[in-house]
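Residue-level listing of the chains:
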Amino acid sequence: MFEKSSSLCMRDPQRVQDILMSMQKSGSNTLQVISDFDMTLTRFAYEGKRCPTCHNILDNSKLISNDCKEKLKELLNTYYPIEIDSSRSIEEKLPLMVEWWTKAHDLLVEQRIRKDLLATVVRESEARLREGFQLFFNHLHEHSIPLLIFSAGIGDILEEVIRQAGVFHSNVKVFSNYMDFDESGVLKAFKGELIHIYNKREGALLNTGHFQELRTRPNVLLLGDSLGDLTMADGVQDMENILKIGFLNDKVEERKQSYLDSYDIVLVKDETLEVPNAVLLYLT
Ligand code: C5P
Ligand code: MG
């Protein structure tokens, strides 16, 4: 099933096979998919150049002043290396990640961003879904398999990316940070509890209603690119099987072991959805 992919690594191939067989036996009506967005459904790089996250789409846009762009870039240069630093523990990184998200959101709010310009900004951006995204989204929709996109990015931007790509189907549900606009359509705050890279477990537990609705689907395919994504399925009720696929995009050598220890399948510098698609085709 995986012969085509040279980027694929597994610590325990037998375990992966057992999980897959068990999931296939249960049938596709017991399956749900939970996926991160930035750098998981979207590409990390294209033609040697980094692709933007939801935040970067805004940061680099015409809606942000040059002065603010500088500040946002400084934040990125300070905190992104911490995010991917394998020598620091999650406990150590967590308060710093909250600091990053909070400072960035405060700066964005200062820019008085207009809701009616978001679609244009996304259209003009270099956001790119991974190769194979049509098959991924369309196949899940055709088989009525729920897809939860669970993102510490910006929900309004993420939705626009998948809407413009023509894949925001009715089976897609999004948990993310949503913008709150005033009555004239200007950004005034972000809604609800902040979702950052290391509190997806708390985010999942706040949304028990969603998982309650899906309690007849105890088999989970989880896709992520960060170790923080591993807790996205913590709200799933009566879980039977979970197959975790992790994209390892950056700092490969330093992080490979920790990814192999926590994801069932690790895709190293793979810019496609070929492997998740192969899994879906096998399971449906
Ligand atoms: O886990 P998820 O992919 O949803 O996290 C969002 C990503 O957005 C993080 O990997 C982080 O690098 C990025 N980010 C950003 N600008 C910020 C905050 C986060 O690009 N201000
Ligand atoms: Mg991500």
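Engineer: Can you break down the packing of aromatic side chains residue by residue, with the values?
Structural biologist: Per the stated rule, a full pass over the model turns up six aromatic pairs. Look at F150 and F175: their rings are 5.4 Å apart centre to centre, the planes differ by 75°, and that puts the pair in the edge-to-face class. Linking F150 in strand β5 (residues 147-154) with F175 in strand β6 (residues 172-177), this pair joins segments that are 25 residues apart in sequence. Accessibility expressed as a relative area gives 0% for F150, which makes it buried. It is R130 that lies over the ring of F247; its NZ or CZ is 3.8 Å from the centre.

Engineer: Describe the side chain of D36, listing the residues and the values that go with them.
Structural biologist: Positionally, D36 belongs in the loop between β2 (31-35) and β3 (45-46). A distance of 2.7 Å separates polar atoms of two side chains, one belonging to D36 and the other to T40. Within the local environment of D36, its side chain forms a polar contact with the side chain of K200, the two groups lying 2.9 Å apart. Contacts of D36, omitting those with residues within four sequence positions, involve L41, F150, S151, K200, L223, G224, D225, D229 and M232.

Procedures and definitions
- Residues numbered from 1 in each chain as written.
- Chains lettered and ligands numbered in written order.
- Predicted model: local features only at pLDDT ≥ 70, side-chain atom pairs only at ≥ 80, totals over all residues.
- Heavy atoms only, no water.
- Phe/Tyr/Trp six-rings, centres within 6.5 Å; stacked < 30°, edge-to-face > 60°.
- Helix = DSSP H or I, 4+ residues; strand = E, 2+ residues; numbered from the N terminus.
- Buried < 20%, exposed > 50% of the residue type's maximum accessible area, 1.4 Å probe, protein only.
- Lys NZ or Arg CZ within 6 Å of the ring centre and 35° of its normal.
- Polar contact = N/O pair within 3.5 Å; in protein donor to acceptor, adjacent residues only side chain to side chain.
- Contact = heavy atoms within 4.5 Å.

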